[in-house]
Amino acid sequence: MKRGMMWGLATMLLAGSAEAEVSSAVRQEASVVPGLAAPAELIVDRWGIPHIYAQSSRDAFFLQGWNAARDRLWQIDLWRKRGLGRLSASLGPAYVAQDRATRLFLYRGDMAAEWAAYDPGGKEAVEAFAAGVNAYVADVRAGKRPLPVEFKLTDSRPEGWKPEDILRIRSHALVSNVASEVARARTICAGGAEADVLRRKLEPAHKVTIPKGLDPCDVPADVLADYVLATEPVSFKPPAPRTLAQVIDERSAEGSNNWTISAARTATGRPILANDPHRAVGTPSLRYLAHLDAPGLSIIGAGEPALPGVSLGHNGTAAFGLTIFYIDQEDLYAYETNGNAYRYKGGFEPMTVVRETIEVKGEAPREIELHFTRHGPVVFQDDAKGRAFAIRTIWNEPGLAGYFGSSRLWRAKGWEDFQTARDRWGAPPLNLVYADTKGDIGWSAAGRTPVRPNWDGLMPVPGDGRYEWAGFVEDGGLPVVKNPAAGYFATANAMNIPAEPAYPRERRKLGFEWADPSRTQRVHEVLDGLPKTTLADSMALQVDSVSPQARRGVALVKGLRSADPDVARALALLSVWDGHESTDSAAAAIYETWAVKHLGRHTAAAAGLSADARKLIGAGSPDPVLTWLEARPAKVRDPILVSSLADAVGELKGRLGTDMATWTWGRLHRATFVPAVAALADPQLAAQMTVGPLQVPGSSSTPRAATWRAEDFAQSAGASVRLVLDVGAWDNSMAINTPGQSADPTSPHYRDLFPLWAAGAYVPLRFSRAAVEADAETLLRLTPAP
């Protein structure tokens, strides 16, 4: 769909909804809901977005849980079982290893401290939400409501929830950088520090120092097997072996864009806040749009369906959004051991041994041991060699349940409330952006930040007491900007720590590993050129498919020649290309295949790295490889560019045919969403569960953030949800989820948003009762049980 058509569709959707009247065609239902305290209403609009109207905040959160189970029961039940290490009880012995690994990372601390870490109303929200889920689950288990098909495929049943379950699960939150620590140790062992420069760029500029007492070659290749298993989604296929580089590559796709624009820079004179968090895309969507309205509470936006409230969105006064800010919140500790004891400060300290039982469907329970050091869970232990490794992560601290720090934003009324929320934020680490109806906008980094007095966090360290966290960065110790002089603030996971002396970034050592700056560069480029921006401008920017990274690659190959006619033609196409990765672009297909799949491998070989070191080069973004090439003379650089491009052309000929005139990026790059459980379905049901394929533009280096899998070019990550908020005129706000709000493959809301999302279109995110009623599809009148 062309851009003009795309925004035409968005405009029609907006105008059509604005002019609609309450229709007699609105389906009305009545239901008795045990556990509800007072009558309430739930309006589902024509996009599948629930609008909950309750007489108390407790009932609002209760109905949010009830409705989450109504729309996404399989998804949230699996989320809980995976997070608690209870998959085997429902799915059988194939999941025992994953259950054990996941239990290593549960929060096991003081629950009183945990509850106290969140908003004073957070406990009520969690308890009510869990009660609402349980009310729906009870009806399902009693046969009063339908059992989702996935439970039939797995011969399992949903379980009841405890409120603390929601907070104790940590392994769904995004933290870093333990995988990169291991990759760095392995790379330096195989090829020295120069090899790691090709693997990962550090910002601010920083020289890696091997910690005293660490031999990088002692770090096993599979040291993170338990960690990876604990943080993986549930699969219903036999596991395929993956390298550490592949794991890093997959997880590097998780990021986001956001920006907040002052009233002085908009066409309406009202602030705009936009946010499109990027995670793995699929069905059902990771995120869910919802609206809760009750006395003292009125919030709308997106969150994860298994959590109460919203993580990004707005109340009646303030809007808030988030992207990942790469604070280093993890460390891998290496130990000398003697059985279940490890050397610490001159002696041997016993590990804590926790014995638990894993229920196993169809078999006897399994008794397991979990080992912990003072630093955290032991993820690798080799008694024969007398060594072990444990991970210290902020997950072990109270207040670190993923995204629940947003509870302090639900009722925010001004900048000071926003600052309180950021000071108390735990995980994941974020760029929080803010705008309110008073006209204030701003940004703040947020996240629990370890203080490392004598090392930089970039490599594993000995666990003998020489490398200890000295608490956490104090409240107000992270960078913040209020009402920026530029009139806007935008983030996209790139390094944005203010330079010295504005911020002591070398002393604080918040983190050195950031996303490719391409998305950030493009967002700033566009916003700088818009003195008076509109909502449509922000919508267009969220799906922009121009890659500054591709421009860098094109600059390197301009002027090159090749005797191979196909390579020569590829060079000609690249040399006149503007970096716009549209679906009809042959140059985009050539660039992405070349830069992501072949350039790193050829560069590492030309740099003289060993075979082992080369295995870790090219994971994630091509940015460090491009940076290395840009610093080399043409006589070194040019042969690498031509030979790697020749390999890319060869691959494309195999995939798209020998006629280069027929090559397009869209023929390669498609979005097809297949739920994991479809592997158990018959062909007809699997087809019904599958969404797509549709061609999609962009890549990980464009604001659209359409990351793809190397093996088949299918989009694997990107914006699951997009919001563009008109601050103060809330009914003008726009959003899109994908592929739909429902997880039921027979529901019209299972896939209805997918073509709009793929085309870059949006639907209204109504806030006022009158506007919601005008868009109503279903009205549920809910009453308490007598």
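Predicted model, so just to flag it, every value in this text is computed and none were measured.

Colleague: Before we move on, can you summarise the overall build of the chain with the specific residues and values?
Modeller: The secondary structure content of the chain amounts to 26 helices and 29 strands. Here the chain has a C-alpha radius of gyration of 26 Å; the compact-globule value for 786 residues is 28 Å, and the two agree. Looking at the chain as a whole, 61% of its 786 residues qualify as buried. Of the contacts made within the chain by residues no fewer than 6 positions apart, 74% connect residues no fewer than 24 positions apart. Accessible surface, the chain as shown: approximately 27900 Å² in total, 54% of it carbon and sulfur. Averaging the positions of the 86 positive and the 89 negative side-chain charges in the chain gives two centres separated by 2 Å.

Colleague: Give a description of the state of the cysteines that names residues and reports values.
Modeller: One pass over the full model with this rule turns up one disulfide. Across a sulfur-sulfur distance of 2.1 Å, C189 and C217 are joined as a disulfide pair. An S-S torsion of about 110° defines the bridge between C189 and C217 as right-handed. Of the two residues, C189 is situated in helix α9 (residues 178-191) and C217 in the loop between α10 (193-199) and α11 (225-230); the sequence distance between them amounts to 28 residues. Note on C189: relative accessible area 33%, which makes it partly exposed. For C217, a relative accessible area of 41% corresponds to the partly exposed category.

Colleague: Describe the pairing of strand β9 (residues 318-324), naming the residues involved and giving the relevant values.
Modeller: By the criterion of burial, β9 is predominantly enclosed, with seven of the seven residues buried. With two bridges connecting them, strand β8 (residues 312-314) and β9 associate as antiparallel partners. What sits directly across from H314, in β9, is A319. Linking β8 back to β9 in an antiparallel pair, the connection comprises three residues.

The rules behind these values
Residues numbered from 1 in each chain as written. Predicted model: local features only at pLDDT ≥ 70, side-chain atom pairs only at ≥ 80, totals over all residues. Heavy atoms only, no water. Helix = DSSP H or I, 4+ residues; strand = E, 2+ residues; numbered from the N terminus. Rg over C-alpha atoms; globule rule 2.2 N^0.38 Å. Buried < 20%, exposed > 50% of the residue type's maximum accessible area, 1.4 Å probe, protein only. Contact = heavy atoms within 4.5 Å. Areas by Shrake-Rupley, 256 points an atom, 1.4 Å probe, with all protein chains shown as cover. Lys, Arg positive; Asp, Glu negative; His and termini not counted. Charge placed at Lys NZ, Arg CZ, Asp CG, Glu CD. Disulfide = S-S within 2.5 Å. Pairing = 2+ DSSP bridges.

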